Amino acid sequence: MTDLASQSAALAADNIRAALDGLLERRTDQTRLTSMGAGSDDLDEGRAYLAATVDGGWHVPTWPSTHGGRDASVAENQLIGSVLREYVVPDLYPFAIGLGMVGPALLTHGTAEQQDRWLRPIASGAEIWCQMFSEPEAGSDLANVALSAAQDGEVWRLGGQKTWTSRAMWSEWAICLARTDPEQPKHKGLTMFVIAMDAPGVDVRPLRQMNNDAHFSEVFVDGTVVPDAWRVGDVGEGWRVAMTILSHERAGAGSRGGGDGAKRGARVPTWITDLAALGALDDKVRRDEAMSIYAADMASRWTAQRAADEARSGGSPGPAGSGAKLRTVSSYKRRAYLANRAAGAAGMLENGHGYIETVTAPSMSIRGGTDEIQRNILGERVLGLPGEPRLDRDVPWRESRKGLL
Ligand SMILES: Cc1cc2nc3c(=O)[nH]c(=O)nc-3n(C[C@H](O)[C@H](O)[C@H](O)COP(=O)(O)OP(=O)(O)OC[C@H]3O[C@@H](n4cnc5c(N)ncnc54)[C@H](O)[C@@H]3O)c2cc1C
């Protein structure tokens, strides 16, 4: 950066601070935040933060100012992101599907009416969304989705089952991948819809996870009516919309907020000062592990930031999102296990240091697509390795479908 450029960036950062000082609290070394909602059911803090920042468009700066953003360029967005790290941005896990996946997908594939109706309440935290993709027989093989949608004049009637639907019990809305043409090959007969979670026929049944959270659910849909105006993208284009959503999920776009105990931008992250306070860093092997995690963590954050900025500038993170997800998961797990081991026997207790992160960590390798699937994507789409045999690609889904017939 030239002197002039760095001076004007500092000036711009000061202007952003002047606006945010009236809205948010500054982060301190004492600030500790939950990450990915683990161990927390709080909706209020995130909602208050989003309500406070929506008029200035501070949380989703690249969104249109008419929809809760501020029409920011990628450079402005980066600057706002780096200044926001100085403030308490709560764990936005309950709001993450709307902010990080549905919002960007509506900006790419939604109609003007859909953007008008749904974007601002996402940005303000007024409405929560969930992602109804996975089914008992459609996880890694997502294109095997069986939940059906049949057109009936101006409406569609949906029926079937989803599972592992995170945030369903909090949600006003769901983005739902459905089978509209079983005679087409599996990727082609899919269409994306929005479902109102309080509509007749929607039944949400929470499931308890091994970390004791009940944040995901089975969702049964029986004859639920969805207006054609709530279809996102063309009929038969559901896979394309799903890929946009998944690449944003993997890149972690929109995931500002919450924390792993790290005070971002600080010289020493708080997860390290916490380890030091436990006396864990007196041990050379643990100190070495902590520094190795720290180095990998920083590389992972910067790479994820680049992918997220790419996504916010209108592109899709694509396969870069898979690399970002693998690195973020690995970092999360190593930090959790080191913290928990350092606590010794006390780490086995529910309130033990690193306990909640340790029992949450395995799920990180599954949600948003498993580690194995991310490696397949990188192998095929980045390294150009031969693809997996896909014998069902051109066969009508009715003949190739897996699961109960
Ligand atoms: C905490 C959590 C939250 C979730 N939230 C949501 C949500 O909000 N919405 C939603 O739609 N889904 C959600 N999911 C579901 C998640 O996306 C799926 O669990 C995931 O895609 C794996 O699918 P599956 O569980 O059916 O496992 P399977 O697909 O049955 O996989 C089983 C094992 O086989 C491996 N495997 C499968 N196929 C291949 C292959 N081709 N090559 C190599 N290995 C393979 C997998 O890696 C895995 O280890 C969530 C899951 C978790 C754990």
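Once a new chain begins, its residue numbering starts again from 1 and follows that chain's sequence as written. With the structure being a predicted model, the display of local features is reserved for residues of pLDDT at least 70 and the display and counting of side-chain atom pairs for 80 or more, all residues being used for whole-chain, interface and lining totals. Note that water and hydrogens are dropped before the side-chain values are worked out from all heavy atoms of the structure.

Visitor: So, the site of the ligand: which residues are in play, and what are the values?
Guide: The rule for a residue being near a molecule or strand is that one of its heavy atoms must lie within 4 Å of it. In the vicinity of the ligand lie 18 residues, with S134, S140, W164, T370 and E372 positioned nearest. Whenever a nitrogen or oxygen atom comes within 3.5 Å of another N or O atom, the pair is scored as a polar contact, on the condition that within protein one atom can donate a hydrogen and the other can accept it, and that pairs from neighbouring residues in sequence are kept only if both atoms are in side chains. Between the ligand and F133 there is a distance of 3.1 Å, counted from an oxygen atom to a backbone nitrogen or oxygen. Between the ligand and S166, the relevant distance is 2.7 Å, taken from a nitrogen atom to a side-chain nitrogen or oxygen of the residue. Contact with the protein chains covers 69% of the free accessible surface of the ligand, which is 970 Å². The domain boundaries here were taken from an automatic or database domain assignment. Residue contributions to the shell around the ligand reach at least three from each of two domains, namely domain 2 (129-238) and domain 3 (246-382). Areas reported here follow the Shrake-Rupley algorithm with a probe of radius 1.4 Å; residue values treat only the protein chains shown as occluding.

Visitor: Give me the lowdown on the nonpolar core, citing residues and values where you can.
Guide: Counting residues in each nonpolar core, the largest one holds 66 residues, and the members touching the most others are W129, M132, F133, L158, I175 and M192. Each of two domains, domain 1 (27-123) and domain 2 (129-238), supplies a minimum of three residues to this core. Ignoring anything within four residues of it in the chain, the contact list for M192 reads F133, I175, C176, L177, W230, R231, V232, G238, V241, A242 and I245. Working definition of a nonpolar core: buried Ala, Val, Leu, Ile, Met, Phe, Trp, Tyr and Cys residues. They are joined through side-chain atoms within 4.5 Å. Accessible area is worked out with a 1.4 Å probe on protein chains only. A residue is then buried under 20% of its type maximum, exposed over 50%, and partly exposed in between. Of all hydrophobic cores here, the second largest spans ten residues; its members include A280, A290, A339 and A342. Should any heavy atoms of two residues lie within 4.5 Å, those residues are counted as being in contact.

Visitor: Account for the pairing of strand β4 (residues 173-179), naming residues and giving values.
Guide: Here a strand is any run of E in DSSP of at least two residues, a helix any run of H or I of at least four, and the numbering for each starts at the N terminus. For β4, the tally of buried residues reaches seven of seven residues, placing the bulk of the element in the interior. Alternating positions in β4 separate into two faces, W173, I175, L177 and R179 on one and A174, C176 and A178 on the other, with burial throughout. Two strands pair when backbone bridges link them, and β4 and strand β5 (residues 190-196) are joined in this way by seven bridges, in the antiparallel orientation. Bridging across to β5, W173 finds its partner in A196. DSSP-based pairing: two strands are paired if at least 2 bridges between them are found.

Visitor: I'd like a rundown of helix α3 (residues 74-84), residues and numbers included.
Guide: All buried positions along α3 are accounted for by N77, I80, G81, V83 and L84. On an axial view of α3, the arc spanned by its buried residues comes to 165°, and they lie on one face. Taken from the helix axis, the directions to the C-beta atoms give the arc we talk about.

Visitor: Explain the domain arrangement of the chain to me, using residue names and the numbers behind them.
Guide: Under the domain assignment, the chain is made up of domain 1 (27-123), domain 2 (129-238) and domain 3 (246-382). Computed over C-alpha atoms only, the centres of domain 1 and domain 2 are separated by 24 Å. Residue-level contacts link 20 residues of domain 1 with 17 residues of domain 2. With both sides pooled, the region where domain 1 packs onto domain 2 buries about 1,600 Å², and carbon together with sulfur makes up 62% of that total. Computed with a 1.4 Å rolling probe, the buried area is the accessible surface lost when two parts are put together, summed over both parts. Considering only the surface of domain 1 that becomes buried against domain 2, Y93, I97 and W118 emerge as the three largest contributors, covering 38% of it. We count a salt bridge whenever a side-chain nitrogen from Lys or Arg sits within 4 Å of a carboxyl oxygen from Asp or Glu. In this assembly, domain 1 and domain 2 are joined by zero salt bridges. Taken together, the connections running from domain 1 to domain 2 amount to six residue pairs in polar contact (both at pLDDT 80 or more). Of all elements in the fold, only α4 (96-109) and α5 (112-123) reach the threshold of two or more residues within the side of domain 1 that touches domain 2. Counting residues per element, the side of domain 1 that touches domain 2 draws most heavily on α4, at seven residues. Tallied by class, residues from the side of domain 1 that touches domain 2 come to eleven nonpolar, seven polar and two charged. Polar here means any residue other than Ala, Val, Leu, Ile, Met, Phe, Trp, Tyr, Cys and Pro, which are nonpolar, and Asp, Glu, Lys and Arg, which are charged; Gly is therefore polar.

Visitor: I'd like a description of the confidence of the model for the chain, backed by residues and values.
Guide: When pLDDT is averaged across the chain, the result is 90; 90% of the residues are at 70 or more. In this model, residues 260-264 is a region of pLDDT below 50 whose contacts with residues beyond four sequence positions or in other chains number 23 contacts. pLDDT gives the predictor's per-residue confidence on a scale running from 0 to 100.

Visitor: Please provide a residue-by-residue account of the packing of α4 against α5, values included.
Guide: At a minimum axis distance of 10 Å, the contact between α4 and α5 shows a crossing angle of 160°. In terms of orientation, α4 and α5 fall into the roughly antiparallel class. α4 and α5 meet at a crossing whose hand is left-handed. Taken together, the residues of α5 that come into contact with α4 (itself represented by G98, L99, V102, G103, L106 and L107) are Q114, Q115, W118, L119, I122 and A123. Of the residues contributing to the contact of α4 with α5, the split by class is eight nonpolar, four polar and no charged. Axes here mean lines fitted to C-alpha atoms, for a helix over just the part in contact, with angles spanning 0 to 180 degrees between N-to-C directions. Should an angle fall under 35 degrees it is called roughly parallel, over 145 degrees roughly antiparallel, and 65 to 115 degrees roughly perpendicular, with every other angle called oblique. Helix crossings are classified by the rotation of the near helix relative to the far one: an anticlockwise turn of less than a right angle makes the crossing left-handed, while a clockwise turn makes it right-handed.

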